[in-house]
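A look at the structure
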Amino acid sequence: MTNKSTVQSTFSSYPPQAREKVAYLRKLILETAKEIEITDLEETLKWGEPSYLTKHGSTIRIDWKEKKPDQYAMYFKCTSKLVPSFQLAYGDLFNYETTRAIVFKLDDEVPEKELKQCIKAALTYHKVKKLPLLGLGV
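Residues numbered from 1 in each chain as written. Predicted model: local features only at pLDDT ≥ 70, side-chain atom pairs only at ≥ 80, totals over all residues. Heavy atoms only, no water.

Observations regarding the overall build of the protein
Tallying secondary structure elements over the protein gives five helices and six strands in all. For the protein, the α and β elements follow one another from N to C terminus as α-α-β-β-β-β-α-β-β-α-α. A globule of 138 residues ought to have a C-alpha radius of gyration of about 14 Å, and the protein, at 14 Å, matches this closely. Oriented by its inertia axes, the alpha-carbon framework of the protein measures out at about 40 × 35 × 25 Å. By the burial criterion, 46% of the 138 residues in the protein qualify as buried. When contacts within the protein are restricted to residue pairs at least 6 apart in sequence, long-range pairs at least 24 apart make up 56% of them. (Helix = DSSP H or I, 4+ residues; strand = E, 2+ residues; numbered from the N terminus. Rg over C-alpha atoms; globule rule 2.2 N^0.38 Å. Buried < 20%, exposed > 50% of the residue type's maximum accessible area, 1.4 Å probe, protein only. Contact = heavy atoms within 4.5 Å.)

Encoded structure:
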């Protein structure tokens with residue numbers, strides 16, 4: 001289920017380079033959901049940010065913010081074990097914002113394989129939260 005017009009208008013409001021980067025994160029989320037056969041992925045806005053929800057997962061949000069124009073991020077529920085597990089599994093491969101986000105600079109090379117593992121853990125969170133490192137397989 002998609003609330004496409006409001007999500008699309010949010011993407012359209014980003015400057016071109018940021019729009020391209022955030023759209024890439026969206027593509028990775030949609031690809032990962034398809035690869036792990038999630039059929040109930042909902043794309044909507046939460047707090048004005050493109051958000052991805054599924055029954056057995058934890059919400060993923062993606063955004064670029066005007067107050068930090070040189071970066072964009074993928075946000076996770078800060079009370080979950082997601083970001084702390086990513087930090088243990090991947091160390092400094094990613095830049096983190098406390099327990100809530102993986103942050104990228106606009107010119108960063110995104111480690112796609114590892115980020116897709118993080119996305120998979122978030123989309124299946126309620127099934128993997130008791131596994132060591134959420135089953136990240138590192």
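Regarding the pattern of salt bridges
One pass over the full model with this rule turns up nine salt bridges. Here Glu 49 makes a salt bridge to Arg 61, at a shortest N to O gap of 2.0 Å. You can see Glu 49 sitting in strand β2 (residues 49-53) and its partner Arg 61 sitting in strand β3 (residues 60-64), a full twelve residues away along the chain. Here Arg 61 falls in the buried class, since its relative accessible area comes to 12%. Of the charged contacts in the structure, one is a salt bridge between Glu 49 and Lys 65, with a shortest N-O distance of 2.4 Å. In this pair, Glu 49 sits in strand β2 while Lys 65 sits in the loop between β3 and β4 (71-76), placing the two residues 16 residues apart along the sequence. Through salt bridges with shared partners, a single ionic network connects Lys 27, Glu 31, Glu 35 and Lys 116. (Salt bridge = Lys/Arg side-chain N within 4 Å of Asp/Glu carboxyl O.)

That is the geometry; function is a separate question.
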